[in-house]
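Single-letter residue listing:
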Amino acid sequence: MATKEKDIGGVLVRSGSVSKAQLKKALELQKKTGKKLEQVLQEKGVVKENTVNDLLKYRYSTKVMRLDAQSIQKDATRLLSGELARKLKSIPIKKNGYKLLVAMADPYNLDIINEIKNATGLMVMPKKAKEQTILEMIDSVYGVAVSDKVNKKIEGEQQEQEQEREQEQEQEQEQEQEQEQEQEQEQEQEQEQEQEQEQEQAKEQEQEQAKEQEQEQEQEQEQEQEQEQE
């Protein structure tokens, strides 16, 4: 669903609601937290939920449902557990034959739609609604205890994800340190080789100089002998 989120970001930038710099920071934060782009922007106070809803309505020709104006069927809500409803931020509104009308905070997320479809066995008809309104309605229909239980579960999952990210970062740091150590060792080996080469060259030069001195001495001795003979 990354394409949709990028589309939402593009719509917000083109509408002037968000700057490119703000969108870039939000995308980076979204990558770290795993949250929806629009949620990150709302939490940072960059945009309001009404602004996002209006733009989504314009972009996807989708009307935002007002839950307070809907008559929710009890038979419909029984099709989805309160725990799953809270997790998916979705609540069934009405069942009509094999179709199920569902208010969703993210009606463009196919993974969520398929999960509701598998849980209910019905064709899901998604409708956009305000996230906070959905959560309040879930509390009202299923009870706050369910919400607390789901919240704890979500918090636990988030903590696990954070721990996994920390472990990944630690592994990356360890790999970087290992690479640095390997590079240092290679540099040390190169330096040692250079020193050995320099020492060998110095020895060769000393040997050559010694030979030259011996030759000079021999030549001097020969000259002395010639002079004595003369």
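This text gives an overview of the structure that appears in the document.

To continue, consider the sheet that holds strand 2 (residues 90-96). Read from one edge to the other, the open sheet built from four strands follows the order 1-4-3-2, with strand pairing classed as mixed. Taken across any chain shown, the strands that pair with only one partner, and hence form the sheet edges, are strand 1 (64-65) and strand 2. Alignment of strand 1 against strand 4 (residues 123-129), held across two bridges, turns out to be parallel. Its bridge partner being in strand 4, Val64 is matched across the sheet by Lys128. Sitting on the sheet, helix 8 (residues 131-142) is in contact with strand 2, strand 3 (99-104) and strand 4, with an inclination near 70 degrees to strand 2.

What follows covers the pairing of strand 3. In this structure, strand 2 lies alongside strand 3, joined through six bridges in antiparallel fashion. In the strand pairing of strand 3, Ser90 is matched with Met104. Between strand 2 and strand 3, which pair antiparallel in sequence order, lie two residues; one of them, Gly97, sits at a positive phi of approximately 65 degrees. As judged from the six bridges shared by strand 3 and strand 4, these two strands associate in the parallel manner. Paired with Leu101 across the two strands is Met125, which belongs to strand 4. A crossover connection joins strand 3 to the parallel strand 4 through helix 7 (residues 110-120); in handedness this β-α-β unit is right-handed.

Cut-offs and rules
Residues numbered from 1 in each chain as written. Predicted model: local features only at pLDDT ≥ 70, side-chain atom pairs only at ≥ 80, totals over all residues. Heavy atoms only, no water. Pairing = 2+ DSSP bridges. Helix = DSSP H or I, 4+ residues; strand = E, 2+ residues; numbered from the N terminus. Contact = heavy atoms within 4.5 Å. Axes fitted to C-alpha atoms, helices over the stretch in contact; angles between N-to-C directions. Right-handed = clockwise from strand over helix to strand, strands pointing away.

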